[in-house]
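Spelled out from the first residue to the last, the chains are:
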Amino acid sequence: MDRIRIVGGNELNGIIPISGAKNAALPLMIASLLTSDTLTLENVPHLADVELLMRILGNHGVDVAVNGRRERQEDGYSRTIHFTCRTIADTTAPYELVAKMRASFWVIGPLLAREGQARVSLPGGCAIGTRPVDLFIEGLTALGATMEIDGGYINATAPKGGLIGTRYVFPKVSVGATHVMMMAATLARGTTVIGNAAREPEIVDLANCLIAMGAKISGAGTSTITIEGVTSLSGARHRVLPDRIETGTYAMAVAMAGGDVRLENTDMALLDTALESLRRAGADVSATNNGIRVQRNGGGIKPVDIVTDPFPGFPTDLQAQFMALMTRSTGTSHITETIFENRFMHVQELARLGAKISLSGQTAKIEGVERLKGAPVMATDLRASVSLVIAGLAAEGETLVSRVYHLDRGFERLEEKLTRCGAMVERISD
Ligand SMILES: CC(=O)N[C@H]1[C@@H](OP(=O)(O)OP(=O)(O)OC[C@H]2O[C@@H](n3ccc(=O)[nH]c3=O)[C@H](O)[C@@H]2O)O[C@H](CO)[C@@H](O)[C@@H]1O
Ligand SMILES: C=C(OP(=O)(O)O)C(=O)O
């Protein structure tokens, strides 16, 4: 199994190109199930999750054709991919595939909307909490579907004549359930109004793509989304938005290691709250023509308290990375996780490097230390694993991160992007 070896102590200087967002690419790819025409997605990141979803979609009858790299980039970077689902070949999403990745469960919306039925295994994904699917069940039930759990699968059936538009207010904000409800409602009869919808940029990206496919959607990006059902959707060409979590991760890496890096092909507006926290921690963050410049020269890292929240709050997907940064701050900080109940697996691994962190319920108290020391550590989930890389950049000596398959789910060419900026990071394949 691959490991990542980091030798800490080097500043980061240079340019890091930001990839297309994993969490936008996945629902966008799933939207290809809604039409018999071709959906072309540009800027699709080259990630394990994307490859797995291609296999899952292939199982449902989606033909996938990959071409067109970004100019001057080598194999392995974001690509243009064509998805064509002339007919749905199979409405079952099997356990072996869905159990590996949370988002694959989301095929339930388009399958139900287009074919009137779906049998989808209960999902897997990062082990960061119980991650139930009750909101999906309630939302799709409100659209008229019958939902039954049977042998680890959800059997969903639409009424004769298809799903029916509805008014539904989510009792809790859910990104995935908003994606699914929005996709399903595009082909429902009549108008659907979703209340307490997620407002994440990835929701807006999916809505924009669906609109390009002929859907009638307004309000995406606010907490009320209105969808007027249409009888069919067409193909479209859409560019996946930049990955705000990758952007924030590298911004935090620069704040941790020191230096001056331009993050290209991204946008500050996607992560205002996280960048503001970085500024408070002592980093200089400014907009460039096509991205963000992050600098930290000399000054120490200041302690900053954060609380994770749905967008536009501080993203839970950047919580572990920010904690890594705070381990070297000049005081005590507090990080409260409000989205997932078990997203502190990185705490015990950061402790191996000498971090001083104590947990009390959903809040971590981090007492900054003057030095971290490299050690063998284990990646436990996607964002936790990159927090260990960030800590390793500032630790003395060698940090060896094992179980890097977690990293490969969500970070395109991480070691290359960091190495080009002067870090000593390499992949060891045993
Ligand atoms: C592929 C993808 O885009 N993943 C992101 C998505 O995950 P995901 O869509 O799974 O996250 P949700 O927004 O649904 O989860 C938010 C909270 O709602 C709960 N919940 C969710 C559904 C449900 O039916 N019942 C329920 O109780 C979850 O357990 C969690 O506590 O949004 C999360 C929150 O920003 C991010 O951390 C993930 O990176
Ligand atoms: C938690 C994440 O992914 P998933 O929802 O697929 O587990 C993530 O992207 O940080």
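Computed from a prediction, not measured in an experiment: that's the story for all the values here. (Residues numbered from 1 in each chain as written. Chains lettered and ligands numbered in written order. Predicted model: local features only at pLDDT ≥ 70, side-chain atom pairs only at ≥ 80, totals over all residues. Heavy atoms only, no water.)

(A) Spatial organisation of the domain arrangement of the protein chain. Domain parsing of the protein chain yields domain 1 (3-18 + 242-428) and domain 2 (22-239). The C-alpha-based centres of domain 1 and domain 2 are spaced at 30 Å. Listed by partner, the interface residues are 27 residues for domain 1 and 25 residues for domain 2. Interface area, domain 1 with domain 2, both sides summed: about 2300 Å², of which 46% is carbon and sulfur. Sorting the residues of domain 1 by area buried against domain 2 places F311, R409 and E412 first, and these three jointly supply 32% of that buried surface. On the surface where domain 1 and domain 2 come into contact, there are two salt bridges. Note that E202 is salt-bridged to R244, the shortest N-O span being 2.8 Å. Applying the counting criterion to the domain 1 and domain 2 interface returns six residue pairs in polar contact (both at pLDDT 80 or more). (Domains from an automatic or database assignment. Contact = heavy atoms within 4.5 Å. Buried area = accessible area lost by both parts, 1.4 Å probe. Salt bridge = Lys/Arg side-chain N within 4 Å of Asp/Glu carboxyl O. Polar contact = N/O pair within 3.5 Å; in protein donor to acceptor, adjacent residues only side chain to side chain.)

(B) Seen up close, the site of ligand 1. Around ligand 1 sit 19 residues in total, of which D134, S174, V175, D317 and I339 are the nearest. Within the side chain of R102, an N or O atom sits 3.1 Å from an oxygen atom of ligand 1. Between ligand 1 and R131 there is a distance of 2.9 Å, counted from an oxygen atom to a side-chain nitrogen or oxygen. For ligand 1, whose accessible area on its own is 740 Å², the fraction buried by protein is 92%. Elements that contribute at least two residues to the shell around ligand 1 include exactly helix 5 (134-142) and helix 6 (175-186). For the shell around ligand 1, the element with the highest residue contribution is helix 5, accounting for three residues. Residue classes in the shell around ligand 1 are distributed as nine nonpolar, four polar and six charged. Of the residues that make up the shell around ligand 1, three or more belong to each of domain 1 (3-18 + 242-428) and domain 2 (22-239). (Near = heavy atom within 4 Å. Areas by Shrake-Rupley, 256 points an atom, 1.4 Å probe, with all protein chains shown as cover. Helix = DSSP H or I, 4+ residues; strand = E, 2+ residues; numbered from the N terminus. Nonpolar A, V, L, I, M, F, W, Y, C, P; charged D, E, K, R; others polar.)

(C) How the structure looks around the sheet that holds strand 17 (residues 291-296). A sheet is described by the order of its strands in space; here four strands give the open sequence 2-15-17-16, paired in mixed fashion. The open sheet terminates on both sides in strands that have one partner only, identified here as strand 2 (12-17) and strand 16 (284-288). Strand-to-strand twist of the sheet, defined as the mean angle between neighbouring strand axes without regard to direction, takes the value 15 degrees. Sheet topology places strand 15 (residues 259-264) next to strand 17; six bridges connect them, and they run antiparallel. The residue of strand 17 that forms the bridge with E264 is G291. (Pairing = 2+ DSSP bridges. Axes fitted to C-alpha atoms, helices over the stretch in contact; angles between N-to-C directions.)

(D) A look at the pattern of salt bridges. Counting across every chain of the model gives 21 salt bridges. Across the pair E398 and R5 runs a salt bridge, and its minimum N-O distance is 2.6 Å. Of the two residues, E398 is situated in strand 25 (residues 398-402) and R5 in strand 1 (residues 3-7); the sequence distance between them amounts to 393 residues. A relative accessible area of 24% places R5 in the partly exposed class. Across the salt bridge formed by R413 and E416, the nearest N and O atoms sit 2.7 Å from each other. A relative accessible area of 26% places R413 in the partly exposed class. (Buried < 20%, exposed > 50% of the residue type's maximum accessible area, 1.4 Å probe, protein only.)

(E) Focus on helix 12 (residues 382-394). With respect to burial, helix 12 is a largely interior element, 13 of its 13 residues being buried. For helix 12, the capping residue at the N-terminal end is D381, with a side-chain oxygen 3.3 Å from the backbone nitrogen of R383.

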